[in-house]
Amino acid sequence: MLLFRSEEMVDRWCKRNGLEHGEFLTIDQVWELSKLWYHNRLSMDFHGRNLEQVAEVFKQAGLTSKFWYI
Amino acid sequence: MNNETLLWQVRHFVYNHFADTIHPPSVEQTAQHFNISTEQAGELYKELNDRHSFFLEPETLTIRMANPFSGLPTDFKVHANGKTYFANCAWDMLGIPAALHCDAVIDAVLTESGESVQIEIRDGKITDPSGTSLQDQLLVHFPLPFARWYDDLVFT
């Protein structure tokens with residue numbers, strides 16, 4: 001995942017590299033997602049997530065578009 | 001200790017080694033820590049790679065990524081706890097302070113424009129060290145949906 005200044009820059013970069021447009025989030029959205037995704041990463045008890053748990057994280061982060069379907 | 005217990009202890013050791021030193025432990029360091037053979041530590045590394053707990057360089061036992069930490073320098077530097085970490089991507093640059101539960105200053109390079117930007121995490125919130133509200137404009141691009149993230153993780 002890369003960082004861009006604007007949607008226009010994303011479009012230009014995707015076209016030049018022949019890539020799908022994908023989806024973009026604001027920094028604030030990604031910070032909220034990061035806290036949900038990584039808060040327990042250093043814990044002994046963290047053994048990864050199953051698909052249901054991944055879907056729940058996306059839902060809690062407000063990522064409900066088709067792009068985030070599991 | 002059964003193998004499953006040891007497996008998750010190795011995962012925990014790798015992540016905390018990254019957090020403490022900014023580098024992943026070599027397979028020899030891990031073997032020495034757990035008083036096991038290098039071969040056994042290597043098998044545990046491969047198993048954790050297969051389970052997506054961390055990711056090895058192809059055909060090696062060198063850890064490339066233990067997300068959010070990167071074993072290689074990147075355009076996403078995270079200054080936290082008196083250390084400078086490298087994050088794998090624009091998501092993981094925020095994942096490091098989230099994982100460490102600490103404040104951080106992030107130096108990142110924008111794709112396409114090549115600009116350098118600084119983002120600060122303080123008291124659990126993103127602040128604006130430049131006073132330009134730049135972070136309000138920044139976007140993180142996710143090129144692929146989740147189902148395809150692990151097809152080519154370096155690209156993702």
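Refer to the structure printed above.
Throughout, a residue's number is its position along its own chain's written sequence, starting from 1. Just so you know, chain letters begin at A and ligand numbers begin at 1, following the order they were written in. Only residues with pLDDT of at least 70 get local features here, since the model is predicted, and only at 80 or more are side-chain atom pairs given and counted; chain-wide, interface and lining totals rely on the full set of residues.

1. A few points about the interface of chain A and chain B
Interface size is often expressed as the accessible area that is lost when the parts come together. Here contacts are defined at the residue level, using C-beta atoms placed from the backbone and a cut-off of 7 Å between them. Of the residues lining the interface, 36 residues belong to chain A; the matching set on chain B comes to 35 residues. Among the elements of the structure, strand 1 (2-4), helix 1 (7-17), strand 2 (23-26) and helix 2 (27-38) of chain A are those that each provide at least two residues to the side of chain A that touches chain B. Considering each element in turn, the side of chain A that touches chain B owes the most residues, eight residues, to helix 2 of chain A. Taken together, the residues of the side of chain A that touches chain B break down into 21 nonpolar, seven polar and eight charged. One bridge is not enough; two strands pair if DSSP finds at least two bridges between them. Only DSSP runs of H or I with at least four residues qualify as helices, and only runs of E with at least two residues qualify as strands; both kinds are numbered from the N terminus onward. Examined bridge by bridge, strand 2 of chain A and strand 9 (residues 139-142) of chain B share four bridges and lie antiparallel to one another. Polarity classes work like this: nonpolar for Ala, Val, Leu, Ile, Met, Phe, Trp, Tyr, Cys and Pro, charged for Asp, Glu, Lys and Arg, and polar for all others, with Gly in that last group.

2. As for the environment of Ser37 of chain B
Within the secondary structure, Ser37 of chain B sits in the loop between helix 2 (27-34) and helix 3 (38-50). Linking Ser37 of chain B and Trp91 of chain B, residues 54 residues apart in sequence, is a C-alpha distance of 36 Å.

3. Quick word on the pairing of strand 7 (residues 116-122) of chain B
All names here are of chain B. Counting other C-beta atoms within 10 Å of its own, a residue is labelled buried from 20 upward, exposed at 12 or fewer, and partly exposed in the gap between, with every C-beta atom placed from the backbone. What you see with strand 7 is a clean split: Val117, Ile119 and Ile121 sit on the buried side and Ser116, Gln118, Glu120 and Arg122 on the side with no burial. Here strand 6 (residues 104-109) runs beside strand 7; their pairing, made up of six bridges, is antiparallel. Across the sheet, Ala104 pairs through a bridge with Ile121, a residue of strand 7. Count of turn residues in the strand 6/strand 7 antiparallel hairpin: six residues, of which Glu112 carries a positive phi of about 80°.

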